[in-house]
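As a plain string of letters, each chain reads:
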Amino acid sequence: MSFARGPVDRRTMLRGATGLGALLLLTACETERGAPVRLAAGEPGGFFWEFAGLLAAAADRSGALEIRPRQSGGSAENLDALANGSAELAISLSDTAIERAGPQLTALGCVYENYFQVAVRTGSGIATVADLRGRSVSVGAPGSGAAGLSERVLAAAGLDTGRDIRPVQQTMADAGAALAAGEVDAVMWAGGLPTPAFTDPRVPIVLLDLGDVVAGLRQRFGPAYEPVRIPADIYGRHPAVTTVGVANLLLARRDVPDATAAAIADVLLDQAAHLVPAQAIGSQFLDAQSLILTGPIPLHPGAAGEYRRRHG
């Protein structure tokens, strides 16, 4: 079989060369950047999700890699995604990560502090965690680290989640709506300041002071928890309170390439100013000294090597 071969003009040849050049350039860029990495993040409107979006945008600006955030219920679900290989990166509360650490779990950095918050409607008559006995309480979304931390906070206050309260598991958006509608008496969650789901000015809320709970938490469950101060009037008109702070870790599977881990460490160091979620009052850890404070979760070798190379 033969094919008729017509004349090929210069314009056609140039178009072909240009197309081939663009293809080669795209292929080269993809090779240089490597395969996209999936980041198990959190629910829209939450601190994890907001930070994941900022990190993905910063990574894209760096040209070094592509990060694709994925929605999830939170820390526990994110750790499951790392374990089963459906994500290479994850964000988690440090206590949840420590509890579920395995040989494949490494850290890229300690990035932010989350504030565990307990909100009730203004005028509810609920002044302490102990006052939640017999009440309907939203304790966090399924798959979230907040759900486990809620149980620990209640236990430190002398309450049993299954016996002493009526627990409801909800996303933050659903919890905010339920509190506004009077369907729950209190909401527990871990997030930034302020958390958007609870900023509706038509629903005045107050935060419970957890200062008396922190010591019991640390005694029973370890040093991952620390007292942190929430300023007055973050959610409308309310006094300043002490609550429970717990660090957020950016995690990676151990089989993530060292070059990828190093590139993410560079983004955390070089673009820290672009990685500040709106709900991040006073909680930023993005400096060389704090990033490496990942507790018993070891730094990924690629990230550790980059931090060492740049800062000794």
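Below: a short report on this structure. What you see is a predicted model, and the numbers here were worked out from it, not measured in a lab.

**Overview of helix α11 (residues 301–311)**
Of the positions making up α11, those classed as buried are Gly302, Ala303, Ala304, Glu306 and Tyr307. Each element contacted by the buried residues of α11 is listed here: β4 (105–121), α9 (258–270) and α10 (288–291).

**Examining the pairing of strand β10 (residues 241–253)**
Across a regular strand the side chains alternate sides, sitting on one face of the sheet and then on the other. The element β10 is extensively covered by neighbouring structure, given that 13 of its 13 residues are classed as buried. As defined by bridge partners, strand β3 (residues 89–93) adjoins β10 across five bridges and the pair is classed as antiparallel. Bridged to Ala90 within β10 is Leu251. Pairing analysis gives 10 bridges linking β4 to β10, with the strands arranged antiparallel. Within β10, the residue paired with Ala107 across the bridge is Leu251. Note that strand β9 (residues 225–230) and β10 share six bridges and pair antiparallel. Note that in β10 the partner of Tyr225 across the bridge is Val246.

**A word on the nonpolar core**
Judged by nonpolar contacts, the single largest core of 60 residues is most densely connected at Leu55, Ile67, Phe116, Leu132, Leu250 and Leu268. The residues touching Leu268, leaving out its near neighbours within four places in the chain, are Phe51, Leu55, Leu108, Val111, Leu250, Leu275, Leu286, Leu291 and Tyr307. Counting residues in each nonpolar core, the second largest holds 19 residues, with Met172, Ala178, Trp189 and Leu193 among its members.

**A look at the environment of Ala64**
As for its position among the elements, Ala64 is in the loop between α2 (47–62) and β2 (67–70). Each C-alpha atom of the pair Ala64 and Ala263 lies 6.4 Å from the other, and the pair is 199 residues apart in sequence.

**What to know about the packing of aromatic side chains**
What describes a pair of aromatic rings is the distance from one ring centre to the other and the angle between the planes of the rings. Counted according to the given criterion, the structure contains four aromatic pairs. Summarising the aromatic geometry, the rings of Phe51 and Tyr112 are spaced 5.4 Å apart at their centres and angled 70° between planes, so their arrangement reads as edge-to-face. Taken as a pair, Phe51 in helix α2 and Tyr112 in strand β4 lie far apart in primary sequence, 61 residues in all. By the burial criterion, Phe51 is buried, and Tyr112 matches it. Seen from their ring centres, Trp189 and Phe198 are 3.8 Å apart, and the 20° between their planes marks the pair as stacked. Relative accessible area serves as the criterion here: at 5%, Phe198 is assigned to the buried category. Each residue in the set Phe47, Phe51 and Tyr112 is aromatic and connected to the rest through ring pairs, giving one cluster.

Rules used throughout
Residue numbers run consecutively from 1 along every chain, following the written order of its sequence. pLDDT decides what is reported in this predicted model: residues at 70 or higher carry local features, side-chain atom pairs at 80 or more are listed and counted, and totals for whole chains, interfaces and linings draw on all residues regardless. Side-chain metrics rest on all non-hydrogen atoms present in the structure, leaving aside hydrogens and water. Burial classes follow relative accessibility: with a 1.4 Å probe on protein chains only, a residue under 20% of its type's maximum area counts as buried, one over 50% as exposed, and anything between as partly exposed. Note on conventions: DSSP H or I runs of at least 4 residues are helices, E runs of at least 2 residues are strands, and numbering of each starts at the N terminus. Pairs of residues are marked as contacts when any of their non-hydrogen atoms sit within 4.5 Å. Strands are labelled as partners when DSSP assigns at least two bridges between them. The set of buried Ala, Val, Leu, Ile, Met, Phe, Trp, Tyr and Cys residues whose side-chain atoms join them within 4.5 Å is what this entry labels a nonpolar core. Each Phe, Tyr or Trp ring, with Trp reduced to its six-membered ring, pairs with another whose centre is within 6.5 Å; inter-plane angles below 30 degrees give stacked pairs, above 60 give edge-to-face pairs, and intermediate values give tilted ones.

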